[in-house]
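The primary structure of each chain is shown beneath.
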Amino acid sequence: MFNINLKRFLIYNSRKLFTKKPNYVNDSKFEFVNSLRKNGFYKKKEFSKNNILANEIITQFEKIPNIELQNICKENKNNFERYGYRSIITNLFDEKLLYEYANQRIFIENFEQYFGLKPKVRLISVWIDYPTGNKEIDSQIFHRDYDDVFLTKTFLCLTNINYDNGPFQFIPKSHIAPWDKQLDTLHNNPTFMTAEKGDLYMADTNGFHRGTKLKKNFRCLLNVHYVSERPMTGFP
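Residues numbered from 1 in each chain as written. Predicted model: local features only at pLDDT ≥ 70, side-chain atom pairs only at ≥ 80, totals over all residues. Heavy atoms only, no water.

Asks: Which residues make up a negative patch on the surface, and what are the values?
Replies: The grouping of Glu56, Asp94, Glu95 and Glu100 at the surface amounts to a negative patch. Inspection of the secondary structure puts aspartate 94 in the loop between β2 (86-88) and α5 (95-102). A residue is classified by how much of its surface remains accessible, and aspartate 94, at 37% relative accessible area, is partly exposed. (Patch = residues over 30% accessible without salt bridge, like charges linked within 9 Å, V, L, I, M, F, W, Y side chains within 5 Å. Areas by Shrake-Rupley, 256 points an atom, 1.4 Å probe, with all protein chains shown as cover. Salt bridge = Lys/Arg side-chain N within 4 Å of Asp/Glu carboxyl O. Lys, Arg positive; Asp, Glu negative; His and termini not counted. Charge placed at Lys NZ, Arg CZ, Asp CG, Glu CD. Helix = DSSP H or I, 4+ residues; strand = E, 2+ residues; numbered from the N terminus. Buried < 20%, exposed > 50% of the residue type's maximum accessible area, 1.4 Å probe, protein only.)

Here it is as structure tokens:
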């Protein structure tokens, strides 16, 4: 019992109990759902190749002068505040395009099947992360998100991501019992989400995850949060 977050256990299970369960038989009809249900994450290589809106966003990103991105990194490399390793650059993108991207049928229909209810977009944000001189902090340490019982986050890679520039890590199956506080009770090696520009990955971040600390260069991601209509942390 000492390894259990009792409040989270009660909230999670009561919400699940009083929400209509998905028809699990249909999971195989939806591209993302089987992997999300089983492992807590899914990766789609070359997502932007066949997704017009994702491709348009990457095209917009490629028009941002590299020197502008480098300057953002330089200006903040000695920032030791919370999330000092990250700057939000959403304002450099077309707001309508981001909204249309986040609300595509492929996302809404997959997450409706996964949740068993209609998902809502809680947040759309574009990040640039860069190396800093401090130790691992905040989201660079394994943690669970508390946005909602019903929660998935998608990440469209706007840059290549390797072991040096902060790949996402997820502990498989750790989303199944999100009240378990102990990493070492899960007996799973974390999965590294290295990726190429245009790849998409997603996770039920009720599971243990982190973005690893960058060693060099920078990474840029478009992040979208999907929740129920009553997220535990509300809407921004």
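Asks: Any details on helix α4 (residues 66-76)? Residues and values, ideally.
Replies: Considered for burial, the residues of α4 that qualify are Leu69, Ile72, Cys73 and Asn76. For α4, the angular spread of buried residues about the axis comes to 95°, placing them on one side. Across from the buried face of α4, at angles greater than 90 degrees, the exposed residues are Lys74 and Glu75. Of the surrounding secondary structure, the elements contacted by the buried residues of α4 are α3 (52-62), β2 and β3 (120-129). (Arc of directions from axis to C-beta. Contact = heavy atoms within 4.5 Å.)

Asks: Explain the environment of phenylalanine 150 residue by residue, including any values.
Replies: Here phenylalanine 150 shows up in the loop between β3 and β4 (151-157). Note on phenylalanine 150: relative accessible area 2%, which makes it buried. The sequence separation of phenylalanine 150 and tyrosine 226 amounts to 76 residues, and the corresponding C-alpha distance is 7.9 Å. If sequence neighbours within four positions are ignored, phenylalanine 150 has contacts with Arg15, Lys16, Thr19, Phe115, Leu117, Tyr226, Val227 and Ser228.

Asks: Residues and numbers for the sheet that holds strand β1 (residues 41-44), please.
Replies: Spatial strand order, β1-β7-β4-β9-β3-β2: six strands in an open sheet with antiparallel pairing. Sheet topology places β1 and β2 at the edges, where each strand pairs with a single neighbour. Put simply, the sheet's adjacent strands are angled 25° from each other on average, direction ignored. As paired elements, β4 and strand β7 (residues 200-203) share four bridges and run antiparallel to each other. By the bridge assignment for β7, phenylalanine 155 is matched with tyrosine 201. (Pairing = 2+ DSSP bridges. Axes fitted to C-alpha atoms, helices over the stretch in contact; angles between N-to-C directions.)

Asks: Lay out unusual backbone geometry in plain terms, naming residues and giving numbers.
Replies: Look at lysine 173: it is not a glycine, yet its phi comes out positive at around 70°. Checked against the element boundaries, lysine 173 lands in the loop between β5 (168-170) and β6 (191-193). Since its relative accessible area comes to 35%, lysine 173 is described here as partly exposed. Backbone geometry at asparagine 217 places phi at a positive 60°, although glycine is not the residue there. Here asparagine 217 lies in the loop between β8 (209-211) and β9 (219-227). Residue asparagine 217 is classed as exposed on the basis of its relative accessible area, which comes to 52%.

Asks: Any chance you could break down the state of the cysteines for me, citing the residues and the numbers?
Replies: Tallied over the full model, the rule gives zero disulfides. Between cysteine 73, a free cysteine, and cysteine 220, which holds the nearest cysteine sulfur, the sulfur-to-sulfur gap is 7.3 Å. Take cysteine 73: its relative accessible area is 12%, and that puts it in the buried class. (Disulfide = S-S within 2.5 Å.)

Asks: I'd like to hear about the pairing of β9, residue by residue, with values.
Replies: The buried count for β9 comes to nine of nine residues, which makes it a mostly enclosed element. The alternating pattern of β9 places Arg219, Leu221, Asn223, His225 and Val227 on one face and Cys220, Leu222, Val224 and Tyr226 on the opposite face, and all of these are buried. Taken together, the nine bridges between β3 and β9 define a ladder with antiparallel strand orientation. Paired with aspartate 129 across the two strands is arginine 219, which belongs to β9. Relative to β9, β4 runs antiparallel, the two being bridged by seven bridges. Residue pairing across strands places leucine 151 opposite valine 227, the latter belonging to β9.

Asks: Could you give me a rundown of the nonpolar core, with the residues and numbers involved?
Replies: Core analysis: the largest hydrophobic core is formed by 42 residues, its most contacted members being Ile57, Phe93, Tyr101, Ile128, Leu156 and Leu158. Where this core is concerned, the elements lending two or more residues are α2 (33-39), α3, α4, α5, α6 (105-115), β3, β7 and β9. Other than its neighbours up to four places away in sequence, phenylalanine 93 contacts Ile57, Gln60, Phe61, Ile64, Leu98, Val126 and Leu158. Listed in part, the 12 residues of the second largest apolar core include Phe155, Cys157, Ile161 and Phe168. (Core = buried A, V, L, I, M, F, W, Y, C linked by side-chain atoms within 4.5 Å.)

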